[in-house]
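Structural overview for review
One-letter residues, chain by chain:
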Amino acid sequence: MATQFSRRSVITAAGALGSIAMIVKPTRAADHKFVQYHNQPAGGTLHKNLVAMWDAVRAETNGRVETTVYAENNKIAGGDPEALKKLLAGEIQFFTLMGGIIGTVVPVAEAQQVPFAFKSAPEAHQAIDGPFGRYIGEEMAAKGMYLFPVAGFDNGMRQVTTVNRPIAKPDDFAGMKIRVPPGQMIFDTFAAFGAQPITTPANQIYDALKSGKVEAQENPLAIMQGYKLDEMVRYVSMTNHMWSGFNLMAHLRTWTALPDETKVVIENNAAKYVRQQREEQGRLNASLRDTFAARGIAFNEVDQAAFRARLPSVYATWKDKLGNKCWSLLEAEVGKLG
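What comes next concerns the included structure.

Each value, and the rule that gives it
- Residues numbered from 1 in each chain as written.
- Predicted model: local features only at pLDDT ≥ 70, side-chain atom pairs only at ≥ 80, totals over all residues.
- Heavy atoms only, no water.
- Helix = DSSP H or I, 4+ residues; strand = E, 2+ residues; numbered from the N terminus.
- Buried < 20%, exposed > 50% of the residue type's maximum accessible area, 1.4 Å probe, protein only.
- Contact = heavy atoms within 4.5 Å.
- Areas by Shrake-Rupley, 256 points an atom, 1.4 Å probe, with all protein chains shown as cover.
- Lys, Arg positive; Asp, Glu negative; His and termini not counted.
- Charge placed at Lys NZ, Arg CZ, Asp CG, Glu CD.
- Axes fitted to C-alpha atoms, helices over the stretch in contact; angles between N-to-C directions.
- Parallel < 35°, antiparallel > 145°, perpendicular 65-115°, else oblique.
- Left-handed = near helix turned anticlockwise from the far one by under 90°.
- Nonpolar A, V, L, I, M, F, W, Y, C, P; charged D, E, K, R; others polar.
- Pairing = 2+ DSSP bridges.
- Phe/Tyr/Trp six-rings, centres within 6.5 Å; stacked < 30°, edge-to-face > 60°.
- 1 Å grid on protein atoms, 1.4 Å probe; cavity = no way out; pocket = protein on both sides within 12 Å on 5 of 7 lines; lining within 4 Å.
- Points joined across faces, edges and corners; volume = space filled by probe spheres on them.

Here's the deal with the overall build of the protein chain
Within the protein chain one finds 14 helices and 11 strands. By principal-axis analysis of the C-alpha atoms, the protein chain measures approximately 100 × 45 × 30 Å. By residue count, 51% of the 338 residues in the protein chain fall in the buried class. Here the analysis covers contacts within the protein chain between residues at least 6 apart in sequence; of these, 75% occur between residues at least 24 apart. Total accessible area on the protein chain is roughly 15300 Å²; 53% of this is exposed by carbon and sulfur atoms. Averaging the locations of the 37 positively and 33 negatively charged side chains of the protein chain gives two centres separated by 4 Å.

So this is what it looks like as structure tokens:
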């Protein structure tokens, strides 16, 4: 027997089907699929904010831009230097990196880490968001990298942490093997103190301390937490010897090829999440002294004047390497150096 359908039931069914069709409408496929590398652990403020930034970009472009964020540079052999090569080749499209390592390709980027130049992280942020940072970005563009207008995710002021003895004066560095990141300026700085600088990727610092390859390292306190270095060191000397941050960069040709409206969305979100991460990282670095002290790690202050007194030749050498324009822009932000 044939089933009878009323006009009302047919209309209701059609409406229901229409609702179902709206629900299962396919999401637009991404026009652009990118990769973002950074060298920090997945639990840190940098990773959290990069993921949030690219999630916001995906939402605001209706799925046209999709970016996968890889912590610890996706654990590639060679660490930051190898990841930088991949960015320059366009094999990855976005990367965050310290100025000292960018300086291996663009020398003026090392100016972000002139020893004792910045008194605080906020002072550094102001400088890199202004003419000083824009000049570095211009030099980076000549080498195939795009530096965002607000690019400097925060790492923080760097402190010396040691296994066997605290650092109170420059002579305490004599013969000490200390891990430093790639970059000639930071190498020159610790060599001037009498230390033996040794370079390793960030995610190998723990093993270097554990094996005795090095007996010290220098980083903001948040890095000490992120890589569990508090399990290895017993002393933290609050040297505040340099600031470091994570410059957000793009492969220049990839960036140039993007539609203008897409660039605006990415840049706006970059500025938002850079500023948010700076605040979070600042609070974290400030809180960790009490956290580590409660675990029995000894903290001591240092007289920076004694360390600065070892650096006139370093300042003179780097003023010449960086050039008068770069040095003048830096001194306009921080005062006379050397």
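Picking up where we left off.
Considerations on the packing of helix 6 (residues 131–141) against helix 14 (residues 324–334)
The geometry of helix 6 relative to helix 14 is characterised by a closest axis approach of 9 Å and an angle of 155 degrees between their N-to-C directions. The angle between helix 6 and helix 14 places the two elements in the roughly antiparallel class. With respect to the hand of their crossing, helix 6 and helix 14 are arranged in left-handed fashion. Packed against helix 6, whose contacting residues are Pro 131, Phe 132 and Tyr 135, the element helix 14 presents Lys 325, Cys 326, Leu 329, Leu 330 and Glu 333 at the interface. Its residues assigned to classes, the contact of helix 6 with helix 14 comprises six nonpolar, no polar and two charged.

Topic: the sheet that holds strand 7 (residues 196–199)
Pairing within the open sheet is mixed, and its six strands lie in the order 7-6-8-5-9-11. With one partner strand each, in any of the chains shown, strand 7 and strand 11 (298–301) form the two edges of the open sheet. Mean inter-strand twist for the sheet, computed between neighbouring axes without regard to direction, equals 30 degrees. Relative to strand 8 (residues 216–219), strand 6 (residues 177–180) runs parallel, the two being bridged by two bridges. Bridging from a neighbouring strand, Arg 179 pairs with Gln 217 of strand 8.

Considerations on the packing of aromatic side chains
Going through the model one piece at a time under the given rule, you end up with 14 aromatic pairs. A centroid spacing of 5.6 Å and a plane angle of 15 degrees characterise the contact between Phe 173 and Phe 193, whose relative ring orientation is stacked. Of this pair, Phe 173 sits in the loop between strand 5 (159–162) and strand 6 while Phe 193 sits in the loop between helix 7 (184–192) and strand 7, and the two are 20 residues apart along the sequence. Considered together, Phe 173 and Phe 193 belong to a single accessibility category, that of buried residues.

What to know about helix 6
Of all the residues in helix 6, the buried ones are Phe 132, Gly 133, Tyr 135, Ile 136, Gly 137 and Met 140. Buried residues in helix 6 make contact with helix 4 (99–102), helix 5 (121–128), strand 4 (145–157), strand 10 (243–251) and helix 14.

Considering the layout of surface pockets
Its boundaries defined by the atoms lining it, the largest pocket holds a volume of some 200 Å³. The wall of the largest pocket is formed by 17 residues, among which Met 157, Gln 159, Gly 282, Asn 285 and Ala 286 lie closest to the centre. Looking at the lining of the largest pocket, the elements that each hand over two or more residues are helix 5, strand 4 and helix 11 (260–294). The dominant element in the lining of the largest pocket, judged by the number of residues it contributes, is helix 11, at six residues. In terms of residue class, the lining of the largest pocket is made up of seven nonpolar, seven polar and three charged.

A look at helix 7
Here helix 7 has its buried residues at Met 185, Ile 186, Asp 188, Thr 189 and Phe 190. Tucked into the core, helix 7 has its buried residues touching strand 5, strand 6, strand 7, strand 8 and helix 13 (312–322). Once helix 7 finishes, Gly 194 follows within two positions and takes phi at roughly 95 degrees, a positive value.

Any link to function would need more than the numbers given here.
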